[in-house]
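# Architecture and fold: a report
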Amino acid sequence: RESAKLLMEMKSNLAEAEQQLLQVTIQTDSELERLLGFYDTLECQIASARAMEATAASLEAQVDEGEPLLENLEEVAGRMQDVFQGSHEGDWRPHNEYLR
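Residues numbered from 1 in each chain as written. Predicted model: local features only at pLDDT ≥ 70, side-chain atom pairs only at ≥ 80, totals over all residues. Heavy atoms only, no water.

### What to know about the overall build of the protein
Keep this limit in mind: Helical segments are the DSSP runs of H or I of at least four residues, strand segments are the runs of E of at least two, and each set is numbered from the N terminus. Only protein chains enter the accessibility calculation, which uses a 1.4 Å probe; a residue is then buried when its area is under 20% of its type maximum, exposed when over 50%, and partly exposed in between. To measure how exposed things are, a 1.4 Å probe is used in the Shrake-Rupley method; for residues, cover is taken only from the protein chains shown.
Along its length, the protein carries 2 helices and 0 strands. The proportion of buried residues among the 100 residues of the protein is 2%. For the protein, the exposed surface amounts to about 9,300 Å²; the carbon and sulfur share of it is 59%.

In structure tokens form, the structure reads like this:
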């Protein structure tokens with residue numbers, strides 16, 4: 001009887017240990033899934049940052065290319081303003097189409 005009681009207690013302890021191991025496994029799997037999700041999020045953010053960096057470099061290049069055009073436009077606008085002011089002084093009015 002004593003050995004049967006001891007055997008039953010050992011079986012109970014083993015079942016409890018198995019249950020605890022199952023809980024730890026479930027928690028570990030859950031944490032692993034969470035970490036993998038975090039890693040995926042980080043990868044996406046890194047890719048997004050790299051894309052933004054490339055876009056910024058492209059925009060900077062476009063700005064550099066556009067600066068001479070802007071200077072030309074400013075010069076043309078200044079000339080048009082001179083023509084327009086001259087037309088008032090000389091009582092000569094350019095056509096509206098020319099001013100557009």
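### Considering the pattern of salt bridges
Where we set the bar: Just to be clear on terms, a salt bridge is a Lys or Arg side-chain nitrogen sitting within 4 Å of an Asp or Glu carboxyl oxygen.
In this structure the tally under the stated criterion is 2 salt bridges. We note a salt bridge from arginine 34 to glutamate 31, for which the minimum N-O separation is 3.1 Å. Taken together, the residues span about one helical turn, with arginine 34 and glutamate 31 both in helix H1 (residues 2-89) at a distance of 3 residues. Ionic pairing is found between glutamate 75 and arginine 79, a salt bridge with its closest N-O pair at 2.5 Å. Taken together, the residues span about one helical turn, with glutamate 75 and arginine 79 both in helix H1 at a distance of 4 residues. A relative accessible area of 41% means that glutamate 75 is categorised as partly exposed. Its relative accessible area of 52% is what places arginine 79 among the exposed residues.

### Focus on a negative patch on the surface
Quick note on the threshold: What makes a patch is a set of residues exposed beyond 30% relative accessible area and free of salt bridges, joined within 9 Å when like-charged and within 5 Å when nonpolar (Val, Leu, Ile, Met, Phe, Trp, Tyr). Charged residues are defined narrowly, with Lys and Arg counted positive, Asp and Glu counted negative, and His plus the chain ends left uncounted. Taken as the charge centre is NZ of Lys, CZ of Arg, CG of Asp or CD of Glu, depending on the residue.
Taken together, the side chains of Glu60, Asp64, Glu65, Glu67, Glu71 and Glu74 make up a negatively charged region of the molecular surface. With respect to the helices, strands and loops of the structure, glutamate 60 is situated in helix H1.

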